[in-house]
Amino acid sequence: MVSRVGMVLEREGAEYRVSSDGAELRAVLRGKVKRDTPKVVAGDRVDLEPEAAGELWGITRVHPRRTVLERRIPLGRGTRPVVSNVDQVLVVTAARHPEPIPSVIDRLLVLAEANDIPASVVINKIDLGPNAPLQARYEKAGYAVHPVSVKGGDGIGGLRALLPGKATVVTGPSGAGKSSLLNLLAPGLELRTGELSEKVGRGRQTTVSARMVPLGEGAWLVDTPGFSEVGLWGLEPLGLAQCFPEMRPLLGCCKYADCRHLDEPGCAIRQAVQDGTIDADRYASYRLLLQETEAEPADWE
Ligand SMILES: Nc1nc2c(ncn2[C@@H]2O[C@H](COP(=O)(O)OP(=O)(O)OP(=O)(O)O)[C@@H](O)[C@H]2O)c(=O)[nH]1
Ligand SMILES: [Mg+2]
Ligand SMILES: [Zn+2]
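Residues numbered from 1 in each chain as written. Chains lettered and ligands numbered in written order. Predicted model: local features only at pLDDT ≥ 70, side-chain atom pairs only at ≥ 80, totals over all residues. Heavy atoms only, no water.

### Notes on the packing of aromatic side chains
Per the counting criterion, the structure on display carries two aromatic pairs. Seen from their ring centres, phenylalanine 244 and tyrosine 286 are 5.8 Å apart, and the 80° between their planes marks the pair as edge-to-face. Of the two residues, phenylalanine 244 is situated in the loop between strand 13 (219-223) and helix 6 (268-275) and tyrosine 286 in helix 7 (residues 280-294); the sequence distance between them amounts to 42 residues. According to the relative accessible area criterion, tyrosine 286 is buried, its value standing at 1%. Three or more aromatic residues joined by ring pairs make a cluster, and in this case those are Phe244, Tyr283 and Tyr286. Stacked on the ring of tryptophan 57, the Lys or Arg arginine 4 has its end atom at 5.2 Å from the ring centre. (Phe/Tyr/Trp six-rings, centres within 6.5 Å; stacked < 30°, edge-to-face > 60°. Helix = DSSP H or I, 4+ residues; strand = E, 2+ residues; numbered from the N terminus. Buried < 20%, exposed > 50% of the residue type's maximum accessible area, 1.4 Å probe, protein only. Lys NZ or Arg CZ within 6 Å of the ring centre and 35° of its normal.)

### With respect to the coordination of the zinc ion (ligand 3)
Looking at the zinc ion (ligand 3), the protein donor atoms are Cys254 (SG), Cys259 (SG), His261 (ND1) and Cys267 (SG), and they sit 2.1 to 2.4 Å from it. Note that the zinc ion (ligand 3) binds four donor atoms; their angles at the metal cover 103 to 114°, and the shape is tetrahedral. Between consecutive donor residues of the zinc ion (ligand 3), the sequence gaps follow C-x4-C-x1-H-x5-C. Assessed through its relative accessible area of 10%, cysteine 254 is described here as buried. With a relative accessible area of 5%, histidine 261 lands in the buried category. (Donors = N, O, S within 2.8 Å, 3.2 Å for Na, K, Ca; no water. Tetrahedral: all angles 85-135°; square planar, octahedral: opposite > 155°, others 65-115°.)

### Points about the site of ligand 1
Near ligand 1, the surroundings consist of 19 residues, among which Asp127, Ser174, Lys178, Ser180 and Gly194 are the closest. Asparagine 124 places a polar side-chain atom, nitrogen or oxygen, 3.1 Å from an oxygen atom of ligand 1. Between ligand 1 and glycine 177 there is a distance of 2.9 Å, counted from an oxygen atom to a backbone nitrogen or oxygen. Among the elements that take part in the shell around ligand 1, helix 5 (residues 178-185) stands out by supplying three residues, more than any other. For the shell around ligand 1, the residue count by class is four nonpolar, ten polar and five charged. (Near = heavy atom within 4 Å. Polar contact = N/O pair within 3.5 Å; in protein donor to acceptor, adjacent residues only side chain to side chain. Nonpolar A, V, L, I, M, F, W, Y, C, P; charged D, E, K, R; others polar.)

### Quick look at helix 5
Where helix 5 is concerned, the buried positions are Leu181, Leu182 and Leu185. The buried side chains of helix 5 occupy one side of the element, clustering within an arc of 100° when seen end-on. Elements that come into contact with the buried residues of helix 5 comprise strand 8 (88-94), helix 4 (156-160), strand 11 (167-171), strand 12 (211-216) and strand 13. (Arc of directions from axis to C-beta. Contact = heavy atoms within 4.5 Å.)

### Section: the confidence of the model for the protein
Taken residue by residue, the protein gives an average pLDDT of 87. The fraction at 70 or more is 87%. With pLDDT under 50 throughout, residues 196-207 is counted as low confidence; its partners more than four residues away or in other chains account for 16 contacts. (pLDDT = per-residue confidence, 0-100.)

### Re the pattern of salt bridges
Opposite charge on two side chains makes pairing possible when the charged atoms of those side chains draw close. One pass over the structure, following the stated rule, counts 18 salt bridges. Among the salt bridges present, the one from glutamate 15 reaches arginine 26, with a minimum N-O distance of 2.7 Å. On the criterion of sequence distance, the pair formed by glutamate 15 in strand 2 (residues 15-20) and arginine 26 in strand 3 (residues 23-29) is long-range, its members being eleven residues apart. Classification of glutamate 15 by relative accessible area gives partly exposed; the value is 25%. For arginine 26, a relative accessible area of 34% puts it in the partly exposed group. One salt bridge connects arginine 248 with glutamate 113, and the closest N-O pair in it is separated by 3.0 Å. With arginine 248 in the loop between strand 13 and helix 6 and glutamate 113 in helix 2 (residues 102-114), the pair connects residues that are 135 residues apart, well separated along the chain. Here glutamate 113 falls in the buried class, since its relative accessible area comes to 15%. When salt bridges that share partners are traced, they join Glu10, Glu12, Glu15, Arg17, Glu24 and Arg26 into one network. (Salt bridge = Lys/Arg side-chain N within 4 Å of Asp/Glu carboxyl O.)

### Let's talk about the packing of helix 2 against helix 7
A packed helix pair is summarised by two numbers, namely the angle formed by the two axes and the spacing between the axes. Between helix 2 and helix 7, whose axes approach to 10 Å, the crossing angle comes to 65°. Considering the relative orientation of helix 2 and helix 7, their crossing is right-handed. Residue-level contacts link Pro102, Ser103, Asp106, Arg107, Leu109 and Val110 of helix 2 to Asp281, Arg282, Ser285, Leu288, Leu289 and Glu292 of helix 7. In terms of residue class, the contact of helix 2 with helix 7 is made up of five nonpolar, two polar and five charged. (Axes fitted to C-alpha atoms, helices over the stretch in contact; angles between N-to-C directions. Left-handed = near helix turned anticlockwise from the far one by under 90°.)

### Overview of the environment of arginine 66
One can find arginine 66 in the loop between strand 5 (57-62) and strand 6 (68-72). Taking the C-alpha atoms as reference points, arginine 66 and asparagine 85, separated by 19 residues in sequence, lie 5.1 Å from one another. When sequence neighbours within four positions are dropped, the list of residues in contact with arginine 66 reads Arg45, Asn85 and Asp87. Within the local environment of arginine 66, its side chain forms a polar contact with the side chain of aspartate 87, the two groups lying 2.6 Å apart.

### Points about the pairing of strand 8
Along any regular strand, the residues point their side chains to alternate faces of the sheet. With seven of its seven residues buried, strand 8 lies for the most part within the structure. Side chains Gln88, Leu90, Val92 and Ala94 of strand 8 all project onto a buried face; the interleaved residues Val89, Val91 and Thr93 project onto the opposite face, where all are buried too. Sheet topology places strand 8 next to strand 11; four bridges connect them, and they run parallel. From the neighbouring strand, valine 89 faces strand 11, where its bridge partner is valine 169. Alignment of strand 8 against strand 9 (residues 119-124), held across six bridges, turns out to be parallel. (Pairing = 2+ DSSP bridges.)

Following this line, the structure appears as structure tokens:
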């Protein structure tokens, strides 16, 4: 007997906040679901049954996940889900203040691509002046770019138009204006802004918990504080070029099938960089991230 269906908003220890028919319920895992790994995460659609006693509900089944944002665990131990059924990722950067670091943005875009989640770039703080080179960099790579000012309101209407009916992850480097943007899009959220967030050492254990924030009418913002800490290790090095949209059409054109596009002869990617069809700086990011996929932090978990 399935009493109702819901969507997991957030995990709180052994309990889950679940949205169901406009109500918010508290639930615990029951039966087979309890023994299963991977465990239930925010964004999961679940079947619920009333518990025999008290106000808790039991989660008896997880529906198949449309998409899942995973973090990878080194030493071939696989992946752990962070949030499921995400429809898109917005990578937010400032036009300036702080000065954008393209390799950081590239890394976040690769994470989205590696999880098969469509991504676009938001360039915030254009009230401080445009950043045409940054915009051109990502448009040339094939991304939709949205120049906005959370402060002045420019471009925000266009951003809102991307949200209906979707679950959207907002991510980006510190100081870009993510919390300011989330507060604007989801009034009542009241995230703190303007402070330097705690830097988390790459090798340290990071809790990556996600939360679904309702925007109404089937739109959700996904708050994943740890998304930018999600590691690339374990991403198949040969699959990295697949995560650069501008490289995808050329894959298979290199002389060697297992070309890593570094110094191999007859490399179509390096040729495209020389010809200027692929941005040299994006290619530099590719080389940097390739190293990251091949290195594994020793003391992670
Ligand atoms: N000039 C200008 N400043 C902005 C804009 N949006 C945000 N800011 C300011 O930029 C600073 C950082 O904004 P936050 O929203 O805290 O940035 P964040 O991306 O959440 O940063 P972390 O939480 O550290 O990751 C704050 O002082 C904001 O007031 C904007 O559109 N224009
Ligand atoms: Mg913030
Ligand atoms: Zn190649």
